[in-house]
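In case you want the letters, here they are:
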Amino acid sequence: MKLKELASATDISERTIRYYISDGVFVPEKFSESYTGRKSYDYTENDVKRLKQIALLRKYDFSIKDIKDFFDGKADITCALKENIKRSKENSKTQTENISVMESVLEYEPKTINELCELLSNPVIEQAPVPNIDEQSAYKPMYEKAKKRIKIIAIIISVVLLCHYVVFPFCIYLISQSTTGGNVDSCWVTYVPSEIHSQKEIDEAINHVIKHFALFYRDCRLLEIRYAGDEQCVNESIYSWSQNSESTIVLDCEFETGSTASYDGFENDCDYSWQFVLRKFAGKWVIVDQGQG
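What this report covers is the structure whose coordinates are included nearby. (Residues numbered from 1 in each chain as written. Predicted model: local features only at pLDDT ≥ 70, side-chain atom pairs only at ≥ 80, totals over all residues. Heavy atoms only, no water.)

1. Observations regarding a nonpolar patch on the surface
Among the surface-exposed residues, Ile-152, Ile-156 and Val-160 lie close enough to one another that they form a single nonpolar patch of about 250 Å² accessible area. Relative to the helices and strands, Ile-156 resides in helix H8 (residues 140–163). (Patch = residues over 30% accessible without salt bridge, like charges linked within 9 Å, V, L, I, M, F, W, Y side chains within 5 Å. Areas by Shrake-Rupley, 256 points an atom, 1.4 Å probe, with all protein chains shown as cover. Salt bridge = Lys/Arg side-chain N within 4 Å of Asp/Glu carboxyl O. Helix = DSSP H or I, 4+ residues; strand = E, 2+ residues; numbered from the N terminus.)

2. Observations concerning the packing of helix H5 (residues 77–90) against helix H6 (residues 96–106)
Relative orientation and spacing of two packed helices are given, respectively, by the angle between their axes and the distance between those axes. Contact geometry of H5 with H6 gives a least axis separation of 10 Å together with a crossing angle of 155°. The angle between the axes of H5 and H6 places the two elements in the roughly antiparallel class. The handedness of the crossing between H5 and H6 is left-handed. Judged by residue contacts, Thr-78, Leu-81, Lys-82, Asn-84, Ile-85, Ser-88 and Lys-89 of H5 engage Ile-99, Met-102, Glu-103, Val-105 and Leu-106 from H6. Of the residues contributing to the contact of H5 with H6, the split by class is six nonpolar, three polar and three charged. (Axes fitted to C-alpha atoms, helices over the stretch in contact; angles between N-to-C directions. Parallel < 35°, antiparallel > 145°, perpendicular 65-115°, else oblique. Left-handed = near helix turned anticlockwise from the far one by under 90°. Contact = heavy atoms within 4.5 Å. Nonpolar A, V, L, I, M, F, W, Y, C, P; charged D, E, K, R; others polar.)

3. A closer look at the side chain of Glu-201
Summarising the element assignment, Glu-201 is placed in helix H10 (residues 199–216). Side-chain polar atoms of Glu-201 contact the side chain of His-197, separated by 3.5 Å. When near neighbours in sequence (up to four residues on either side) are disregarded, Glu-201 contacts Ile-196, Ile-249, Lys-280 and Trp-285. (Polar contact = N/O pair within 3.5 Å; in protein donor to acceptor, adjacent residues only side chain to side chain.)

4. Concerning the packing of helix H3 (residues 45–59) against helix H4 (residues 64–72)
Contact geometry for H3 and H4: axes closest at 10 Å, N-to-C directions at 140°. In terms of orientation, H3 lies oblique with respect to H4. Pair H3 / H4 crosses with right-handed handedness. Taking contact as the criterion, the partners of Arg-50, Gln-53, Ile-54, Leu-57 and Arg-58 in H3 are, on H4, Ile-64, Ile-67, Phe-70 and Phe-71.

5. A few points about the environment of Val-234
Mapped onto the elements, Val-234 comes out in helix H11 (residues 230–237). The spatial distance from the C-alpha of Val-234 to the C-alpha of Ile-249 is 8.6 Å, given a sequence separation of 15 residues.

6. Here's the deal with the pairing of strand S5 (residues 247–257)
Within S5, nine of the 11 residues are buried, which leaves the element mostly enclosed by the surrounding structure. Where strand S4 (residues 220–227) lies against S5, seven bridges are found, and the strand directions are antiparallel. Paired with Arg-226 across the bridge in S5 is Asp-252. As paired strands, S5 and strand S6 (residues 271–281) are joined by 10 bridges and run antiparallel to one another. Its bridge partner being in S6, Thr-248 is matched across the sheet by Arg-279. (Buried < 20%, exposed > 50% of the residue type's maximum accessible area, 1.4 Å probe, protein only. Pairing = 2+ DSSP bridges.)

7. Describing the sheet that holds strand S7 (residues 284–292)
One open sheet accounts for five strands, arranged S3-S4-S5-S6-S7; its pairing is mixed. The outermost strands of the open sheet, each flanked by one partner alone, are strand S3 (188–190) and S7. Within the sheet, the average angular offset between the axes of one strand and its neighbour, ignoring direction, is 25°.

8. With respect to the pattern of salt bridges
Enumeration over the complete set of coordinates arrives at eight salt bridges. Its salt-bridge partner being Asp-66, residue Arg-87 comes within 3.6 Å of it at the nearest N-O pair. Of this pair, Arg-87 sits in helix H5 while Asp-66 sits in helix H4; the two residues are 21 residues apart in sequence, bridging distant segments of the chain. For Arg-226, the salt bridge is made with Glu-224, and the minimal N-O distance between the two is 3.5 Å.

9. Looking at the packing of aromatic side chains
Taken as a whole and judged by the stated rule, the model has 17 aromatic pairs. Grouped by ring-pair contacts, the aromatic residues Phe-213, Tyr-217, Phe-255, Phe-266, Tyr-272, Trp-274 and Phe-276 constitute a single cluster. Sitting over the ring of Phe-71, Arg-50 keeps its end group 3.8 Å from the ring centre. (Phe/Tyr/Trp six-rings, centres within 6.5 Å; stacked < 30°, edge-to-face > 60°. Lys NZ or Arg CZ within 6 Å of the ring centre and 35° of its normal.)

10. Topic: the environment of Phe-276
Tracing the backbone through its elements, the reader meets Phe-276 in strand S6. Phe-276 sits in the buried class, given a relative accessible area of 0%. Residues Phe-276 and Asp-289 lie 13 residues apart in sequence; the distance between their C-alpha atoms is 6.0 Å. Residues contacting Phe-276, with those up to four places away along its chain left out, are Val-209, His-212, Tyr-217, Ile-249, Val-250, Leu-251, Cys-253, Ile-287, Asp-289 and Gln-290.

11. Details of unusual backbone geometry
If you check the backbone angles, Glu-109 has positive phi at about 45° while not being a glycine. Mapped onto the fold, Glu-109 is located in the loop between H6 and helix H7 (113–120). Look at Glu-109 and you get partly exposed, because its relative accessible area is 43%. Residue Asp-269 is not a glycine yet carries a positive backbone phi of 55°. Turning to its location among the elements, Asp-269 is positioned in the loop between S5 and S6.

Have a look at this one:
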């Protein structure tokens, strides 16, 4: 079967399936490779089963690394289940019913990935349907509110134009900047562990960059953003002009441009790998450098 048929059979979007393939957690059984190295897949029923298992495990907050280890036979499933229950209890956003289901499954001490998924999807246990959690942006609700604020600003500026036509060029500029910024609705946030930054600091930096992208990257769509790692931060912090800052953080992101992005110096309809360098001054993150990573 083709990718569209696979997406229909699993209720998982084509974009999410491509992400799983690129990350190595989902490896289709059958494929052919062209002379350029491009792979063409012919998906099977076993692929449908594996994708459904991945979606089920993601619902219960197992990490991509955990799932890879399950399929590769490198993980002790019982130990991993215990750790996931502990981690879920510490996360205030995790639903209580998910923890209850996992604790009931732990009593059976599953040994294989098939046993684990069968117990998690046991119809005797009432549970919510498996969501496409890997497609959803953690920042989408915040930016829905931002869109409403932008509309209100646009209305106010329109009234000012009627009363003070001499500021017309300046107001048009503000409108264009506030209503045609970057698209961040489908942004995928990848969390990378750090020994020098807390998760709160990383989230604040990611939040700041997403806001910046939404305001200034016109006709561009942010696809993914992630912490670049401790080594990158250490390398950036040795520059002399960073001595007055409290901390340094580096974020990597991927975005694609639209058909009018050339007005802002980008090539139209292209994919970019981008890097933002931020420094903290007086408790606030500030973008001090950005460019292709």
